[in-house]
Amino acid sequence: YMRAHEGIATLARRIRERFPDAMLIFLMNWNPTNIHRCIDEDCTSDDELMLNWVKDHGFDIQNGGLLHPKVHQLFEESTDTWSWHSWGLESKRNIIYQASHDVGGFVS
């Protein structure tokens, strides 16, 4: 996704030419950096990365902290509002959508 501009359209066309009957799925997977804690009441003006919130509570999410049971407990007990930010750069998403459209693929 982040490097899609470097040739995803060309790759998609080549795969379609080689496998004309294949179902092409462009996967835009997620990771914990897509989850944000809302700072304001309506989640419009400011937010905090979930990674920073977890770190502020004493866990290193990049070294196994995400799987720690106490991290799960933090979320269960939290009264904060959380939001999902799906791939913030619209221009990068559009590269994927256009490449998929050009070859009759699907985006997931």
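Keep in mind that what you see is a predicted model, and the values were worked out from it rather than measured. Each residue is numbered by its place in its chain's sequence as written, counting from 1. In view of the model being predicted, local features appear only for residues whose pLDDT reaches at least 70, and side-chain atom pairs are presented and counted only at 80 or more, with totals across whole chains, interfaces and linings using the full set of residues. To obtain the side-chain values, all non-hydrogen atoms of the structure were used and water was disregarded.

Student: Just checking my understanding: could you explain helix H4 (residues 90–102) for this structure?
Tutor: Note on helix geometry: an α-helix contains 3.6 residues per turn, so any two residues three or four positions apart are oriented the same way. Spanning 13 residues, H4 covers 18 Å between terminal C-alpha atoms, matching the ideal 18 Å at 1.5 Å per step. Residues of H4 that are buried sit in contact with helix H1 (8–18), strand E1 (25–26) and strand E5 (106–107). Note on conventions: DSSP H or I runs of at least 4 residues are helices, E runs of at least 2 residues are strands, and numbering of each starts at the N terminus. One or two positions beyond H4, positive phi appears at Gly104, with a value near 70 degrees. Expected helix span is computed as 1.5 Å times (number of residues minus one). Residue contacts follow a heavy-atom distance rule, with two residues in contact if any of their heavy atoms lie within 4.5 Å.

Student: Mind showing me how you'd approach the pattern of salt bridges here?
Tutor: Think of it this way: side chains of opposite charge can pair up when their charged atoms draw near. Salt bridge criterion: a side-chain nitrogen from Lys or Arg within 4 Å of a carboxyl oxygen from Asp or Glu. What the rule picks out here adds up to two salt bridges. Two residues, Arg37 and Glu48, come together in a salt bridge whose shortest N-O distance is 2.8 Å. Separated by 11 residues along the polypeptide, Arg37 in strand E2 (residues 35–38) and Glu48 in strand E3 (residues 47–49) bring together distant segments of the chain. Partly exposed residues are those whose accessible area sits between 20% and 50% of the maximum for their type, while under 20% is buried and over 50% is exposed, using a 1.4 Å probe and protein chains only. The exposure class assigned to Glu48 is buried, which follows from its relative accessible area of 14%. As a salt-bridge pair, Arg37 and Asp80 come within 3.6 Å of each other at their nearest N and O atoms. Placement of Arg37 in strand E2 and of Asp80 in the loop between helix H3 (69–77) and strand E4 (82–84) is noted, with a sequence separation of 43 residues between them. The network of salt bridges with shared partners includes Arg37, Glu48 and Asp80.

Student: Whenever I open this one, the nonpolar core confuses me. Can you help?
Tutor: As a rule of thumb, nonpolar side chains are buried together in soluble globular proteins. Ranked by size, the top nonpolar core spans eight residues in total: Met50, Leu51, Trp53, Val54, Phe59, Ile61, Val71 and Leu74. Elements that contribute at least two residues to this core include exactly helix H2 (50–56) and H3. Of all the elements, H2 adds the most residues to this core, at four residues. Grouped together as the second largest cluster of nonpolar side chains are seven residues, Ala12, Phe26, Met28 and Ala99 included. The term nonpolar core refers to a set of buried residues drawn from Ala, Val, Leu, Ile, Met, Phe, Trp, Tyr and Cys, joined through side-chain atoms within 4.5 Å.

Student: Would you take a moment to explain the packing of aromatic side chains for this structure?
Tutor: In this description, a pair of aromatic rings is defined by centroid distance and the angle of the planes. The pairing test for Phe, Tyr and Trp rings, Trp by its six-membered ring, is centres within 6.5 Å, and the orientation test on the planes gives stacked under 30 degrees, edge-to-face over 60, and tilted for anything in between. As enumerated under the stated definition, the model contains three aromatic pairs in all. Pairing Trp53 with Phe75 gives two aromatic rings, centres 5.0 Å apart and planes at 50 degrees, and the pair type is tilted. Of this pair, Trp53 sits in helix H2 while Phe75 sits in helix H3, and the two are 22 residues apart along the sequence. A relative accessible area of 6% means that Trp53 is categorised as buried. We classify Phe75 as partly exposed; its relative accessible area is 28%. On the basis of an interplanar angle of 50 degrees and a centroid distance of 5.0 Å, the ring pair of Phe75 and Trp82 is categorised as tilted. When its relative accessible area of 25% is taken as the criterion, Trp82 is described as partly exposed. Here the aromatic residues Trp53, Phe75 and Trp82 are joined through ring pairs into a cluster of three or more. By the criterion adopted, a ring carries a charge over it if an Arg CZ or a Lys NZ lies within 6 Å of its centre and within 35 degrees of its normal. Arg18 extends its terminal NZ or CZ atom over the ring of Phe19, reaching a point 5.0 Å from the ring centre.

Scope: geometric values only; no functional claims are made or implied.
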